[in-house]
Amino acid sequence: MTSRRLIVLAAAWVLAAWAFGAWGPDDTLLAQLSSERILNAQKEPQNWLTYSGGYMSQRHSPLTQITTGNAKDLELKWVFQARWLDYMQSTPLVVDGIMYATQGNDVVALDATTGKIFWIYPYTPASDARSCCGRITRGLAILGDTLFLATVDAHLIAIDAKNGRPLWNRIVAQGTAGYSLTTAPLVIKDKVIVGPAGGEFGIQGFIAAYDAATGREAWRFNTVPQPGEPGHDSWGAGWTHGGGSIWVTGSYDPETNLTFWGVGNPGPDYNAESRPGDNLYTCSVVALDADTGKLKWHYQFTPADEFDWDAVQIPVLADISWKGSPRKVMLWANRNGFFYVLDRRTGEFLQATPIAKQNWNAGFDNGRPIRALDAMPSRDGVLIYPGNQGATNWFSPSFSPRTGLFYVSVWENTHHIFARADQPYKEGSNYTAGRLTTNYPGRGITAGMRAVQRPNLRKEEENFGTVRAFDPQTGKWRWEYKMSDLTDAGILTTASDVLFSGGREGYFFALDARSGSLLWKVQLGGPVQNGPMTYAVDGRQYVAVSASNSLFVFGLR
Amino acid sequence: MGVRVRALALLLLAACAATTVLAQSAPEPLPTGDETSGASLFTGKGACQTCHRVQGKGSRLGPDLTDVGSTRTPAQLEKSLLDPAAEILPENRFYRVVTRDGASITGKLLNLDTFQVMMLDPKEQLRAFQKSDLREHGFVDGSKMPSYATTLSRQELADVIAYLATLKGVVAQ
């Protein structure tokens, strides 16, 4: 072959490759979303790669385009109206300009700049699946080109992120027995971790890891220990319906390879007579080896709980200075009304301070709470602050490494009168064994779980929602932003010291993270029920939040 | 059958026991009321219409009583007339605002949020105020309704209650 012919041939090859080559599968074209990228999420702040925005779960973004100075210029960029009537409690993910969001249990891929739909993966959970609190999901996980969806009927489904086609579908637990998956899964290395909700149905809770490629179970940790497992003796015979649900996403510390998860209440909720003991690992945080699921340490916030105080909060990891030296801690505002600082390497209890009015705790003995004597549950009923929905709940807090403050959505002044009752366990039925009443003059004032769209008439002494900025050093709050109604909104902070949150009143607002002063607000016409998140495309920063069943995205004018 | 009869007997016994307890603690029972006389007391001497509305007539500031006969028992109605402040439902709360120019307005609270107060004002207008425009604002404690324990006789009270008991709502025709 002459060199001339060679050149012609080569040119033809290049042309052909140019014309058709893009159709061939070529992994080098786009960087995969590797587990290293998730590990270093803070290096690509334009993306939002996990439920809480990173393994430390600080819900804090390094993005700085929106500032305390220009937040007043925020305007609506687009809305995604889900064809779904329940609350949207999920946090969307954004990867390289594509947003992955949910619509009920459907998954949608959207253009993150316009909200237009690339594809929808429709999923209708089995109609006989049980869930206590709405047929909702809190979001997705992603690894490589695969999304992971946990469904209300307790399936874990892998979905191709490019075309919305299912890749595998794994039955995690039995939906008709009260197991449901509402949490956004957490990807660590090559595994997807989830656990079932169902604390009101007498489930036997667990945290399990599945191989991301095949869906095969890799390990399982029982949040209610089985016979022979450590902690089993903290139950009596009651372990068989012990609860211990999982319903918000855990965190991960690569340095110790530990993954941290908050565990729900013991079953039945309001009567401990059938479960004598501390009821491990309910109302606890557990630290598990991410490769094996082996328990490294645990801390139980509420031993032998009878007030429905799930420890289902986001484990926020922070590296702070503690009593003069650097310390790797976990910050935890619990439903039981206390803000805890724990050493995240060992689980050592460092400090606990009240976040709202409480009357059940008379101090701590070596980290173990001391029950106030007049706060002992009975069949006649006992008045307890906070109420069963807690002084805070599942909604995400935020930690800003810049301000050093830990921001929490708090319910102040709530109470319930808790009375034990008898209720036999029946599979798939609500299993709470108690009665809840209040001293409020009407039903509309109750600090209930569901944000009911009706006029607010409550007085401050009855209950209210507030954003409080806690200093971990003292455990006290520096400032608060009070609302008239309650709030189920999570909190986002940014490296420009802007804080975003909302509430049941339907406002979405920006505060100065240093002072708590209001920078901007907008009325969205329905309760804000998720954690806001932020991302950027083509150098423009966006903030996304949901209210009722729609997703709203804001950017600067 | 036998079980049913026995259950009924037990129920009756329990009911008797309950009335005895009631009779001991409560003052004398009211005489039998006359609803026609109650209706005129409602619009006349009692001046109930200055605060209450029935079938589209009267003030909207107090609770609309059009269906109070089906939502409340005579005992509850008696309690409302004798001790109105004993239990005020959230939907009957009053709120007072003072505007920048010093005008004070007390109305029936309809909705309250972090930024806004919404009420029915004394002129029965729907009003919304931005808290940032107000000099002061807050709940008004106690009841607007006077007790009728002394201003109405026992017979008059019974008549008014008999009238209220007939108010069963707007009937579809």
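Residues numbered from 1 in each chain as written. Chains lettered and ligands numbered in written order. Predicted model: local features only at pLDDT ≥ 70, side-chain atom pairs only at ≥ 80, totals over all residues. Heavy atoms only, no water.

Caption draft 1: The overall build of chain A, seen in detail. From N to C terminus, chain A includes two helices and 38 strands. Expected size for 557 residues packed as a compact globule is a radius of gyration near 24 Å; at 24 Å, chain A falls within 12% of this value. The buried share of chain A, reckoned over its 557 residues, is 63%. Taking the intrachain contacts of chain A between residues at least 6 apart in sequence as the baseline, contacts between residues at least 24 apart amount to 60%. Summed over its atoms, the accessible surface of chain A is roughly 20600 Å², and 53% of this surface lies on carbon and sulfur atoms. Here chain A contributes 50 positive and 51 negative side-chain charges, whose respective centroids are spaced 4 Å apart. (Helix = DSSP H or I, 4+ residues; strand = E, 2+ residues; numbered from the N terminus. Rg over C-alpha atoms; globule rule 2.2 N^0.38 Å. Buried < 20%, exposed > 50% of the residue type's maximum accessible area, 1.4 Å probe, protein only. Contact = heavy atoms within 4.5 Å. Areas by Shrake-Rupley, 256 points an atom, 1.4 Å probe, with all protein chains shown as cover. Lys, Arg positive; Asp, Glu negative; His and termini not counted. Charge placed at Lys NZ, Arg CZ, Asp CG, Glu CD.)

Caption draft 2: Quick look at the pairing of strand β5 (residues 106-111) of chain A. Residue and element names in this part refer to chain A. Of all six residues in β5, five are buried; the element is thus mostly enclosed. Pairing geometry for strand β4 (residues 98-103) and β5, over six bridges, is antiparallel. Across the sheet, A101 pairs through a bridge with V108, a residue of β5. Between the antiparallel neighbours β4 and β5 lie two residues, among them G104 with a positive phi of about 60°. Sheet topology places β5 next to strand β6 (residues 117-121); four bridges connect them, and they run antiparallel. Paired with A109 across the bridge in β6 is W119. Adjacent in sequence and paired antiparallel, β5 and β6 are bridged by five residues, among which G115 carries a positive phi angle near 80°. (Pairing = 2+ DSSP bridges.)

Caption draft 3: Just the domain arrangement of chain B, in detail. All names here are of chain B. Entries for chain B in the domain assignment read domain 1 (35-88 + 145-166) and domain 2 (94-139). Taken together, the six residues of domain 1 in the interface contact six residues of domain 2. Summing the contributions of domain 1 and of domain 2, the shared interface buries around 470 Å²; its carbon and sulfur component is 55%. Here R60 ties to E124 by a salt bridge, and the two come within 2.8 Å at their closest N and O atoms. Classifying every residue of the side of domain 1 that touches domain 2 by side-chain character gives two nonpolar, three polar and one charged. (Domains from an automatic or database assignment. Buried area = accessible area lost by both parts, 1.4 Å probe. Salt bridge = Lys/Arg side-chain N within 4 Å of Asp/Glu carboxyl O. Nonpolar A, V, L, I, M, F, W, Y, C, P; charged D, E, K, R; others polar.)

Caption draft 4: Structural detail: the pattern of salt bridges. Residues and elements named next belong to chain A. Throughout the structure, instances matching the rule amount to 37 salt bridges over all chains. In this structure, R327 and D343 form a salt bridge, with 2.9 Å as the shortest nitrogen-oxygen distance. On the criterion of sequence distance, the pair formed by R327 in strand β20 (residues 325-333) and D343 in strand β21 (residues 338-343) is long-range, its members being 16 residues apart. E348 is paired through a salt bridge with R327; the nearest N and O atoms lie 2.9 Å apart. Separated by 21 residues along the polypeptide, E348 in the loop between β21 and β22 (349-354) and R327 in strand β20 bring together distant segments of the chain.

Caption draft 5: Highlighting the packing of aromatic side chains. Applying the stated criterion across every chain, the model contains 36 aromatic pairs over all chains. Note on Y270 of chain A and F418 of chain A: the rings are 5.9 Å apart at their centroids and 50° apart in plane angle, and the pair reads as tilted. Note that Y270 of chain A is positioned in the loop between β16 (258-262) and β17 (284-289) and F418 of chain A in strand β28 (residues 416-420), a separation of 148 residues in sequence. Each member of the pair Y270 of chain A and F418 of chain A is classed as buried. Judged by centre distance (6.4 Å) and plane angle (55°), the ring pair of F338 of chain A and Y340 of chain A falls under tilted. Here F338 of chain A falls in the buried class, since its relative accessible area comes to 3%. Among the aromatic residues, those joined into a ring-pair cluster are Y270, Y299, F301, F307, W309, W332, F338, Y340, F349, W360, F364 and F418 of chain A. In this structure, R59 of chain A is placed above the aromatic ring of Y51 of chain A, and the distance from its NZ or CZ to the ring centre is 5.0 Å. Across the ring face of F139 of chain B, the terminal group of K459 of chain A is positioned such that the distance to the ring centre comes to 5.4 Å. (Phe/Tyr/Trp six-rings, centres within 6.5 Å; stacked < 30°, edge-to-face > 60°. Lys NZ or Arg CZ within 6 Å of the ring centre and 35° of its normal.)

Caption draft 6: View of the state of the cysteines. Residues and elements named next belong to chain A. Scanning all chains against the criterion turns up one disulfide over all chains. A disulfide bridge connects C132 with C133, and the sulfur atoms are separated by 2.0 Å. In this structure the cystine formed by C132 and C133 twists about its S-S bond by roughly -100°; its chirality is therefore left-handed. When its relative accessible area of 23% is taken as the criterion, C133 is described as partly exposed. (Disulfide = S-S within 2.5 Å.)

Caption draft 7: Quick look at helix α5 (residues 154-165) of chain B. Residue and element names in this part refer to chain B. Between its first and last C-alpha, α5 extends 16 Å over 12 residues, near the 16 Å set by a 1.5 Å rise per residue. Of all the 12 residues making up α5, nine are buried; the element is thus mostly covered by neighbouring parts of the structure. Along α5, the positions that sit buried rather than exposed are E156, L157, A158, D159, V160, I161, A162, Y163 and L164. (Expected span 1.5 Å × (residues − 1).)

Caption draft 8: Just the interface of chain B and chain A, in detail. Contacts between the two partners involve 16 residues from chain B, matched on the other side by 17 residues from chain A. Both sides together, the interface formed by chain B and chain A hides about 1300 Å², and carbon and sulfur atoms give 55% of it. Looking only at chain B, the three residues that lose the most surface to chain A are R93, T114 and F115 of chain B, adding up to 39% of its buried area. On inspection of chain B and its partner chain A, the count reaches two salt bridges. At the junction of chain B and chain A, the tally comes to nine residue pairs in polar contact (both at pLDDT 80 or more). Tallied by class, the residues present in the side of chain B that touches chain A amount to eight nonpolar, two polar and six charged. (Polar contact = N/O pair within 3.5 Å; in protein donor to acceptor, adjacent residues only side chain to side chain.)

Caption draft 9: View of the side chain of N336 of chain A. All names here are of chain A. Relative to the helices and strands, N336 resides in the loop between β20 and β21. A distance of 3.1 Å separates polar atoms of two side chains, one belonging to N336 and the other to T302. For N336, the side chain forms a polar contact with the main-chain nitrogen of F338, separated by 3.1 Å. Excluding residues that lie within four positions of it along the chain, N336 makes contacts with F301, T302, W309, W360 and P386.

Caption draft 10: Molecular detail of the pairing of strand β36 (residues 533-537) of chain A. All names here are of chain A. Within β36, five of the five residues are buried, which leaves the element mostly enclosed by the surrounding structure. Alternating residues of β36 divide into M533, Y535 and V537 and T534 and A536, and every residue in both groups is buried. Where β36 and strand β37 (residues 540-547) come together, five bridges link them in antiparallel fashion. Its bridge partner lying in β37, A536 is registered against Q541. Hairpin connection, β36 to β37: the antiparallel pair is bridged by two residues, and D538 has positive phi, about 50°.

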